[in-house]
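The primary structure of each chain is shown beneath.
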Amino acid sequence: MPAMALDLVTMGHALDALEQRFLRGCTWDGLYAHQNRFLNWWRENRDHISLLEGLKSFASTDANELNKFLTDHGFEPNFTPLGPDGIGAASILDMLVEWVVSAQITTLRARQLPGHDWSIFPAFQVPSQGVILYEVEGSDSPLVELLTKSGDSLWIMMSDKPRHELDLALRAQDILKRPRQLTSSWDGVVVPKIDLRLEPDLSWMLGVTALQPGGSFVVDQAFQQFRLRMNEQGARAKVATGFGMERGVMFTLEPLQIDRPFIGFFTQKGLRLPIAVFYADFDCWREPAGSLKEL
């Protein structure tokens, strides 16, 4: 299965830049559940974002200036032209860490799918002095904390793939909040080397609205560029997130697509008792052979 990634920090940082430059005193509102889940996360954590190092932001009414900010820091110029009343902001994270003790180059054997042959991957081994291992409540996989010279940490936990990038990001926060205890069941850790370049789909942020007494601005551009490398020396993460907004744009809601098998049932007036419950898989998706009366 393909890799996935999402950085919420640069998303919140970019909205902070928009608010500080153009939207002071606004109220943020989402159209969809994912948008409101993110906005709630941002409201709870924006004070912590302001304390982080390695973050830069830039806000402007000119897409060319915003794209120059991106290219000056090694990212692609993803902004399209802003309208006459358009505003935009970009946030960049650049974080480099070195392991607190030297790691040894090695390899790692893993099955990519159950029942498949073993594959060999380049990896590195961190000795016990450079790692802390925890047992986490509610998880059958240990939580790994890789220690760095700067005092920062990189955390790793084996897990099933989340359904959505936002679920991934919020799961990470949930893992850190769970009770945990030290474990000595392993001696160090072997970690695959990583070279990751993704552009997480932020289309689910389109339509987020900043409400002001004199009108509103609506997100009509949203993108993220996510890069990560990890080897025996350390790890580096570089992320750029950008949002463009237009004044008074009416965002048209799309119809919900029932494009997966579904459960259905009936109820009768005044009652909440499910009747004729069904699960419609693809095998019954077809034009009915007759009218409803003929059933």
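## Observations regarding the sheet that holds strand β8 (residues 153-156)
Strand order in the open sheet made by the 4 strands is β8-β7-β6-β9, with antiparallel pairing throughout. Taken across any chain shown, the strands that pair with only one partner, and hence form the sheet edges, are β8 and β9 (180-182). The average undirected angle you get between the axes of adjacent strands in this sheet is 30°. For strand β6 (residues 131-136) and strand β7 (residues 143-147), the ladder comprises 4 bridges, and the chain directions are antiparallel. Following the sheet pairing, L133 is matched in β7 by V144.

## Re the pattern of salt bridges
Enumeration over the complete set of coordinates arrives at 9 salt bridges. Across the pair K193 and E232 runs a salt bridge whose closest N-O atoms are separated by 3.2 Å. Linking K193 in the loop between β10 (189-192) and β11 (194-198) with E232 in the loop between β13 (215-230) and β14 (234-247), this pair joins segments that are 39 residues apart in sequence. Using a relative accessible area of 28% as the deciding quantity, one classes K193 as partly exposed. For E232, a relative accessible area of 21% puts it in the partly exposed group. Connected through salt bridges with shared partners, the residues D16, E19 and R46 form a single ionic network.

## Quick notes on the pairing of β14
Regular strands place side chains that alternate from one sheet face to the opposite one. Of all the 14 residues making up β14, 12 are buried; the element is thus mostly covered by neighbouring parts of the structure. Across 12 bridges, the pairing between strand β3 (residues 87-98) and β14 is antiparallel. Of the residues in β14, the one forming a bridge with G88 is G244. Pairing analysis gives 13 bridges linking β13 to β14, with the strands arranged antiparallel. Bridging from a neighbouring strand, R227 pairs with K238 of β14. Joining the antiparallel neighbours β13 and β14 is a turn of 3 residues.

## Digging into helix α2 (residues 33-49)
Over its 17 residues, α2 runs 23 Å from end to end, which matches the ideal 24 Å to within 8%, given 1.5 Å per residue. Maximum bend of α2: about 45°, positioned at R43. The elements touched by buried residues of α2 are α1 (8-21), β1 (27-29), β2 (55-60) and α4 (165-177).

## Some remarks on a nonpolar patch on the surface
Among the surface-exposed residues, I258, F262, F282 and W285 lie close enough to one another that they form a single nonpolar patch of about 400 Å² accessible area. Here F262 is to be found in strand β15 (residues 262-266).

## Section: the confidence of the model for the chain
Residues of the chain with pLDDT of at least 70 account for 93%, and the chain-wide mean is 89. Per-element averaging of pLDDT across the chain places strand β16 (residues 275-280) at the bottom with 68 and helix α3 (residues 63-72) at the top with 98.

## Some details on the packing of α2 against α4
In the contact formed by α2 and α4, the axes pass within 11 Å of each other and the chain directions differ by 35°. For the pair α2 and α4, the crossing hand works out as left-handed. Together, H34, R37, F38, W41 and N45 of α2 and L166, D167, L170 and Q173 of α4 make up the contact between the two elements. Split by residue class, the contact of α2 with α4 holds 4 nonpolar, 3 polar and 2 charged.

## A word on the packing of α1 against α2
The contact between α1 and α2 brings their axes to 10 Å, and the two run at 80°. In terms of orientation, α1 and α2 fall into the roughly perpendicular class. Residue-level inspection shows L8, V9, M11, G12, H13, L15, D16 and E19 of α1 in contact with α2, the latter providing F38, L39, W41, W42, R46 and I49. Among the residues making up the contact of α1 with α2, the classes are represented as 9 nonpolar, 2 polar and 3 charged.

## Some remarks on the packing of aromatic side chains
Taken as a whole, this structure holds 8 aromatic pairs when the rule is applied. Ring centres 4.9 Å apart and planes at 80° place the aromatic pair F79 and F223 in the edge-to-face group. Taken together, the residues span a long stretch of sequence, with F79 in the loop between α3 and β3 and F223 in strand β13 at a distance of 144 residues. The exposure class assigned to F79 is buried, which follows from its relative accessible area of 5%. Using a relative accessible area of 8% as the deciding quantity, one classes F223 as buried. Taking 5.8 Å as the distance between ring centres and 25° as the angle between the ring planes, the aromatic pair formed by W99 and F124 counts as stacked. Here F124 lies in strand β5 (residues 118-126) and W99 lies in the loop between β3 and β4 (104-111), a separation of 25 residues in the sequence. Since its relative accessible area comes to 0%, F124 is described here as buried. A cation over an aromatic ring shows up here: R109 above the ring of W118, its NZ or CZ 4.5 Å from the ring centre. Sitting over the ring of F75, K238 keeps its end group 5.1 Å from the ring centre.

Rules behind the numbers
- Think of each chain on its own: its residues are numbered from 1, step by step along the sequence as written.
- Local features in this predicted model are restricted to residues whose pLDDT is 70 or higher, and side-chain atom pairs enter the listing and the counts only when it is 80 or higher, whereas totals over whole chains, interfaces and linings include all residues.
- The side-chain values count all of the structure's non-hydrogen atoms but skip hydrogen atoms and water molecules.
- When DSSP finds two or more bridges between two strands, those strands count as paired.
- The way it works is that DSSP assigns letters per residue, a run of H or I at least four long becomes a helix, a run of E at least two long becomes a strand, and they are numbered from the N terminus.
- Each axis is a line fitted through C-alpha atoms, taken for helices only over the stretch in contact, and angles between the N-to-C directions span 0 to 180 degrees.
- By salt bridge we mean one thing: a side-chain nitrogen of Lys or Arg within 4 Å of a carboxyl oxygen of Asp or Glu.
- For each residue, the accessible area found with a 1.4 Å probe, counting protein chains only, is set against the maximum for its type, and the residue is called buried under 20%, exposed over 50%, and partly exposed in between.
- The length a helix should cover is 1.5 Å for every residue beyond the first.
- Two axes define the bend at a residue: one fitted to the seven residues ending there, one fitted to the seven starting there, and the bend is the angle between them.
- Here, residues are in contact when the closest pair of their heavy atoms is within 4.5 Å.
- Put simply, a patch holds well-exposed residues, over 30% relative accessible area, that have no salt bridge, with like charges counted together within 9 Å and Val, Leu, Ile, Met, Phe, Trp or Tyr side chains within 5 Å.
- With residues, only the protein chains shown are counted as cover, and all accessible areas are computed by Shrake-Rupley using a 1.4 Å probe.
- What pLDDT expresses is the predictor's confidence in each residue, scored from 0 to 100.
- By the definition used in this description, the sense in which the near helix is turned from the far one sets the handedness, with an anticlockwise turn below a right angle giving left-handed and a clockwise turn giving right-handed.
- Nonpolar residues are Ala, Val, Leu, Ile, Met, Phe, Trp, Tyr, Cys and Pro. Charged residues are Asp, Glu, Lys and Arg, and all others, Gly as well, are polar.
- Roughly parallel here means an angle under 35 degrees, roughly antiparallel means over 145, roughly perpendicular means 65 to 115, and every remaining angle is called oblique.
- Pairing of aromatic rings covers Phe, Tyr and Trp, the last counted by its six-membered ring, and requires centre-to-centre distances within 6.5 Å; plane angles under 30 degrees mean stacked, over 60 mean edge-to-face, and any other angle means tilted.
- Over a ring means this: the NZ of a Lys or the CZ of an Arg is within 6 Å of the ring centre and within 35 degrees of the ring normal.

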